[in-house]
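Working through the structure, step by step
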Amino acid sequence: MNYPDQLQSAPVPGRVGQGTAVEQSRAVAEVQAAVLIARQFPRNEAQAIARMRVACSQPELAQRAFFRFPRGGSQVSGETIQFAKALAGCWGNLQHGLTELRRDDEYKQSEMQAWAWDLESNQRASTTFIVPHARWANNRAQELADFRDIYENNANNGARRLREMIFTVLPVWFIEQAKTICANTLSGANSDKPRAQRAADAIKAFDEIGITVDQIEAKLGRKSDKWTDPDLGQLQVVYQSIQRGEATRDEEFPPQPVTPDELTGSAS
């Protein structure tokens, strides 16, 4: 098939340095080796599920599996990039990455690409997106000048896209099973501790950061002796979000307004 001249004459760099040439050759060889190994040693799904169950049963992963923060008067929640990467490692023969393709200091933005690739099925998901060198604060966009701030802003925006690319490649049933196990780990449903003891531990943990049991009961809508395993799991997510700085105490537990009866009682 003949192509127009303008398509045949693609611009190429006039000179390629030795380091660049070596890196290009290494990258090609690395991809070829990864595909070859994936075909020689295909994943055992039963072993992948067993690894996932063990990983999600660990409190250290379960506590980092979910995020929660306020936005526009509502709560935004979901799974974290740490959770997605852990599942990718359990599934096996899956590569993923986040790359800054180009940084444009004139227009104050970076062109980024997030991708995930199942080496066995050759299923690949990728997305290219623009990240402005700005952060939304105080109801306006604030430009970023510090190189570290720009790097962290790119990484934070890229992590969400990378998580979605990994989830696109992974089987839905695998993700859902992992979410259920992590939720049970957080709630303590798989623990030998009685529910009353787990509720007492939650009350103590929140008390140490200045949140009373009355505030917790108001949030859940029931007394502590009526809390369920999902309630305890929700409290774990809220507690970890406060600890990581994703939400504040006042956002999760707004101060209760003073009633007229309380004002009258204090005056008398």
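Structural notes, computed from the coordinates. Just so you know, these numbers come straight off a predicted model, no measurement behind them.

Now for the nonpolar core. As a rule of thumb, soluble globular proteins bury nonpolar side chains together. Core analysis: the biggest nonpolar cluster contains 36 residues, and Met52, Cys56, Phe83, Leu87, Ile166, Leu170 and Phe174 have the highest contact counts within it. Of all the secondary-structure elements, those providing two or more residues to this core are α3 (45–56), α4 (59–62), α5 (81–91), β4 (109–118), β5 (123–132), α6 (147–169) and α7 (172–187). Here this core gets seven residues from one element, more than from any other, and that element is α5. Look past the residues within four positions of Leu170 in its chain and what remains in contact with it is Leu87, Ala88, Trp91, Leu94 and Ile175. Membership of the second largest hydrophobic core comes to 15 residues, among which are Phe206, Ile211, Leu235 and Val238.

This next bit is on the side chain of His133. Mapped onto the fold, His133 is located in the loop between β5 and β6 (134–137). Residue His133 is classed as buried on the basis of its relative accessible area, which comes to 2%. A polar contact is formed between the side chain of His133 and the side chain of Ser110, at a distance of 2.7 Å. Discounting chain neighbours no more than four positions away, the residues touching His133 are Arg103, Asp104, Asp105, Lys108, Gln109, Ser110, Gln142, Glu143, Leu144, Ile150, Asn153 and Asn154.

Attention now goes to the pattern of salt bridges. The final tally for this structure, using the stated rule, is 15 salt bridges. Glu217 is paired through a salt bridge with Lys223; the nearest N and O atoms lie 3.6 Å apart. The exposed category is assigned to Lys223, whose relative accessible area is 52%. Between Arg222 and Asp231 there is a salt bridge, with the nearest N and O atoms lying 2.6 Å from each other. By sharing partners, the salt bridges in this structure join Arg43, Asp118 and Glu120 into a single network.

A few words now on the sheet that holds β5. The three strands lie next to each other as β3-β4-β5, forming an open sheet whose pairing is antiparallel. The open sheet has two free edges, formed respectively by β3 (94–104) and β5, since each of these has just one partner strand. Ignoring strand direction, the axes of neighbouring strands in this sheet form an average angle of 15°. Pairing of β3 with β4 involves 10 bridges; the strand directions are antiparallel. Counted as the bridge partner of Thr99 is Gln113 from β4. Contacting β3, β4 and β5, α6 runs over the sheet at an angle of about 150° to β5.

About the criteria used
Residues numbered from 1 in each chain as written. Predicted model: local features only at pLDDT ≥ 70, side-chain atom pairs only at ≥ 80, totals over all residues. Heavy atoms only, no water. Core = buried A, V, L, I, M, F, W, Y, C linked by side-chain atoms within 4.5 Å. Buried < 20%, exposed > 50% of the residue type's maximum accessible area, 1.4 Å probe, protein only. Helix = DSSP H or I, 4+ residues; strand = E, 2+ residues; numbered from the N terminus. Contact = heavy atoms within 4.5 Å. Polar contact = N/O pair within 3.5 Å; in protein donor to acceptor, adjacent residues only side chain to side chain. Salt bridge = Lys/Arg side-chain N within 4 Å of Asp/Glu carboxyl O. Pairing = 2+ DSSP bridges. Axes fitted to C-alpha atoms, helices over the stretch in contact; angles between N-to-C directions.

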